[in-house]
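Residues per chain are reported as follows:
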Amino acid sequence: MTDVDINKELEFLLENTDEVIPELELHNKLKKSKINGIPLNIKLGCDPSMPDLHIGHAVVLNVLKKFQDYNHNIILVIGDFTAMIGDPTGRNKTRPQLTIEQTKENAKTYINQVSKILNIEKVKIVYNSSWLNKINFSELVNLCSKFTVSQFLERDDFSKRYKTGKPISLHEFMYPLAQAYDSVYLRADIELGGTDQKFNLLLARDLQKHFKMSQQVAITMPILEGTDGVNKMSKSYDNYIAFNDTPNDMYGKIMSIRDDLIFKYFSLVAGMNQKEISDLQFMLKGDKTNYRDLKRKLSRDIVSMFYNDKIASSAENNFDKIF
């Protein structure tokens, strides 16, 4: 396995990602994995705060699928414990807490939804309540002693709330700490997440270092705007396109997105490579296509991704009858 081979693999794996911390470490991990024949542990956390996944989640799942195609160990962490705390990322107030029963109920459909992108038979699915529930208070105090309050207040959402006098509940600090401990427990080599998860992913590196283990590489993906074209795709903003939407609803919602988001959806959701996108952009500039036709292609491609080509064509015909 040469550096040229690793660099080609990296180019494929990291297309459409935002940041790799640190990239040289990722190169070395991949090279060592090939030499030793030992696959890497690739971690993705998914909090079942709601029962449905949306295509914003597909951005990171598409990258995870690439690692799966290279035969690495894919670990999907269902955060039934952390969902009880509530992810404070991007929030200007404390999330309402869920019960463990609510999180487990929401998680029931996740495996089926994720299987629309990943080969679920080759995914290790774990629930973080199975180890986080076993931590006693003295262990929790020990974990907390590894970090300072000022470190947590450097996090953007905590910082804004603190400066504006908005309350931050103590239990909210436990969310990134619990997510970091997941990486320690699972001995994660790589963790994926959106750019808004950067603090949590780096905190895991710090905690792994305290436990004297190899630190994970953090890979972040861009945030996908929702159908309103402004806010990140989220059920909270009601601007989402769910994995479980009907083909007709999915097609119609994609047709409603802003024109300037078409190519971002093509790359991050539909998985189109940069050459294909450049070709479409060239056609658009040369008046060989238009935004409406591009959006129709995007809608077909995404519906096909979650259903099939025949159903996508049917959804397009239905859309044409209505509009």
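Reference entry: report on the structure contained in this document. (Residues numbered from 1 in each chain as written. Predicted model: local features only at pLDDT ≥ 70, side-chain atom pairs only at ≥ 80, totals over all residues. Heavy atoms only, no water.)

## Some details on the pairing of strand 3 (residues 73-78)
A large share of strand 3 lies buried, amounting to 5 of its 6 residues. Relative to strand 3, strand 2 (residues 41-46) runs parallel, the two being bridged by 6 bridges. Across the sheet, N41 pairs through a bridge with N73, a residue of strand 3. Read from strand 2 through helix 3 (residues 55-69) to strand 3, the crossover connection turns out right-handed. Sheet topology places strand 3 next to strand 4 (residues 123-127); 5 bridges connect them, and they run parallel. Residue pairing across strands places L76 opposite I125, the latter belonging to strand 4. (Buried < 20%, exposed > 50% of the residue type's maximum accessible area, 1.4 Å probe, protein only. Helix = DSSP H or I, 4+ residues; strand = E, 2+ residues; numbered from the N terminus. Pairing = 2+ DSSP bridges. Right-handed = clockwise from strand over helix to strand, strands pointing away.)

## Let's talk about the packing of aromatic side chains
According to the stated counting rule, one finds 11 aromatic pairs in the structure shown. Summarising the aromatic geometry, the rings of F263 and F266 are spaced 6.4 Å apart at their centres and angled 35° between planes, so their arrangement reads as tilted. With F263 and F266 both in helix 14 (residues 262-268), this residue pair falls 3 residues apart, about one helical turn. By the burial criterion, F263 is buried, and F266 matches it. What links up through ring pairs into an aromatic cluster is the set F147, F152, F158, F173 and F199. Over the aromatic face of F12 sits the side chain of K66, whose NZ or CZ is 4.9 Å from the ring centroid. One cation-aromatic arrangement involves K116 over Y307; the distance from NZ or CZ to the ring centre is 5.2 Å. (Phe/Tyr/Trp six-rings, centres within 6.5 Å; stacked < 30°, edge-to-face > 60°. Lys NZ or Arg CZ within 6 Å of the ring centre and 35° of its normal.)

Shape descriptors only; they carry no functional weight alone.
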